[in-house]
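A closer look at the structure
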Amino acid sequence: MLTIHNLQKIYNGTTVVNLPELTINAGEAVGLVGNNGAGKTTLFRMLLDLIRPSKGEVQLKDVNVMQSDAWKSYTGSYLDEGFLIDYLTSEEYFKFIGDLHGLSGGDVAERLAPFTDLFNGEILNQRKYIRDYSKGNQKKIGIAAAALSNPELLILDEPFANLDPSSQIRLKNLLKKLREERRMTMFISSHDLSHVIDVCERIVILEKGQVVQDMQTTENTLQELETYFTV
Ligand SMILES: Nc1ncnc2c1ncn2[C@@H]1O[C@H](COP(=O)(O)OP(=O)(O)OP(=O)(O)O)[C@@H](O)[C@H]1O
């Protein structure tokens, strides 16, 4: 599904991402963890062709993301509020995304139904613009929009950040369900080790732009990660 070859991003002479090879297979859920500044967001921005690599390439289904837009039809993503249209209401935004993917109003409502618990009565029918929602609720809108098209590949940057504890647990269960029921391939960065391990079968640790560990999730993974990050 996703293949990275010799990918580098260099800012002002400093290499912030340096990945010789990384592959994510269809149906795999991969968690990306690493301390502040490790390069997670920069990597995701290159995957989504939002910034250009200094070297190397990202392929989705064997096609360079810079050379074709084909990947956009099967990829859902939410990195930050920049993905939202903040002068729309949540309904208008979901309709806009639905229209892009040829979904009817009924389809959109059906696709949003699994988000009811996560939305907690605070997202739909609020008669306000997205810019007036809290950061956490903006994130919920962005994640729901990313999943709306039922994408084969879902890329989320720190989906648990800014969410209250109940919402984090609801989101975690929702992501697990999307994986199991729709076989969605996922690439998710997180500082929440416990949640990301629960959702993902594989964890990649990034440090100074490089993969320092790439492991399958087991019952010992949380402890291993906690040990790794204890300095
Ligand atoms: N546009 C830019 N210009 C210069 N340096 C940048 C730019 N964008 C990112 N960087 C640098 O690249 C490095 C990686 O940043 P990035 O945001 O990708 O890390 P991250 O792992 O997502 O961090 P966090 O966990 O804090 O979100 C940092 O040192 C950052 O300062």
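Here the structure is a predicted model, which is why all the values come from computation and not from measurement.

Examining the domain arrangement of the protein
Taken domain by domain, the protein comprises domain 1 (1-74 + 152-231) and domain 2 (83-150). Using only C-alpha atoms to locate each centre, domain 1 and domain 2 end up separated by 23 Å. Each side of the interface is counted separately: domain 1 has 21 residues, and domain 2 has 15 residues. Of the roughly 1,400 Å² buried where domain 1 meets domain 2, counting both sides, 66% is carbon and sulfur surface. Ranking the residues of domain 1 by area buried against domain 2 places Arg170, Leu174 and Arg182 at the top, with a combined share of 34%. At the boundary of domain 1 and domain 2, one finds zero salt bridges.

Some details on the pattern of salt bridges
Using the criterion set out here, one finds 10 salt bridges in the structure. A salt bridge links Asp49 to Arg52, with the nearest nitrogen and oxygen atoms 3.4 Å apart. For Glu201, the salt bridge identified is with Arg179, shortest N-O distance 2.3 Å. Separated by 22 residues along the polypeptide, Glu201 in the loop between α7 (193-199) and β9 (202-207) and Arg179 in helix α6 (residues 165-182) bring together distant segments of the chain. Through salt bridges that share partners, Glu28, Arg202 and Asp214 make up one connected network.

Observations concerning the pairing of strand β3 (residues 29-33)
Counted residue by residue, β3 has five buried out of five residues, so it is predominantly covered. Judged by which residues are buried, β3 turns out to be covered on both faces: Ala29, Gly31 and Val33 on one side and Val30 and Leu32 on the other are all buried. Here four bridges tie β3 to β9, and the two strands are oriented parallel to one another. The partner of Gly31 across the bridge, within β9, is Ile203.

Concerning the sheet that holds strand β2 (residues 14-24)
With antiparallel pairing, four strands are arranged side by side in an open sheet as β2-β1-β4-β5. Whereas interior strands pair on both sides, the edge strands pair on one side only; in this sheet they are β2 and β5 (63-64). Where strand β4 (residues 55-60) and β5 come together, two bridges link them in antiparallel fashion. Counted as the bridge partner of Leu60 is Val63 from β5. Across the sheet, helix α1 (residues 40-47) touches β1 (2-11), β2 and β4, and the angle it forms with β1 is around 120°.

Focus on the sheet that holds strand β10 (residues 210-216)
What the six strands build is an open sheet, ordered β6-β7-β8-β3-β9-β10; its pairing is mixed. On the outer flanks of this sheet lie β6 (75-78) and β10, each paired with one strand and no other. On average, adjacent strands in this sheet sit at an angle of 15° to one another, irrespective of strand direction. As defined by bridge partners, β6 adjoins strand β7 (residues 153-157) across four bridges and the pair is classed as parallel. What sits directly across from Gly76, in β7, is Leu154. The strands touched by helix α5 (residues 135-148) within the sheet are β6 and β7, with β6 carrying the most contacts at an inclination of about 170°. Each of β3, β7 and β8 (185-189) touches α6; the most contacted strand, β8, lies at about 155° to it.

Digging into the packing of helix α2 (residues 90-100) against α5
Running from N to C, α2 and α5 point in directions that differ by 25°, and their axes come no closer than 9 Å. Between α2 and α5, the angle is such that the two are roughly parallel. Crossing angle aside, the handedness with which α2 passes α5 is right-handed. Contacts between α2 and α5 involve Ser90, Tyr93, Phe94, Ile97 and Gly98 from the first element and Ile141, Ala144, Ala145 and Leu148 from the second. Of the residues assigned to the contact of α2 with α5, the class counts are seven nonpolar, two polar and no charged.

What counts, and at which threshold
The written sequence of each chain sets the order in which its residues are numbered from 1. Selection of residues for local features in this predicted model requires a pLDDT of at least 70, selection of side-chain atom pairs for listing and counting requires 80 or more, and totals for whole chains, interfaces and linings are taken over all residues. Each side-chain value is worked out from all heavy atoms of the structure, with water and hydrogens disregarded. Domain start and stop positions are those given by an automatic or database domain assignment. Two residues form a contact once any of their heavy atoms are found within 4.5 Å. Summed over both partners, the accessible area (1.4 Å probe) lost when two parts come together is defined as the buried area. One speaks of a salt bridge when a side-chain nitrogen belonging to Lys or Arg is within 4 Å of a carboxyl oxygen belonging to Asp or Glu. Numbering of helices and strands runs from the N terminus; a helix is a DSSP stretch of H or I covering at least four residues, while a strand is a stretch of E covering at least two. Burial classes: relative accessible area under 20% of the type maximum marks a residue as buried, over 50% as exposed, and values in between as partly exposed (1.4 Å probe, protein chains only). Strands are labelled as partners when DSSP assigns at least two bridges between them. Fitted lines through C-alpha atoms give the axes, limited to the stretch in contact for helices. The angle between two N-to-C directions lies from 0 to 180 degrees. Roughly parallel covers angles under 35 degrees, roughly antiparallel covers those over 145, roughly perpendicular covers 65 to 115, and oblique covers all other angles. By convention, the crossing between two helices is left-handed when the near helix turns anticlockwise from the far helix through less than a right angle, and right-handed when the turn is clockwise. Under the scheme applied, nonpolar residues are Ala, Val, Leu, Ile, Met, Phe, Trp, Tyr, Cys and Pro; charged residues are Asp, Glu, Lys and Arg; polar residues are all the others, including Gly.

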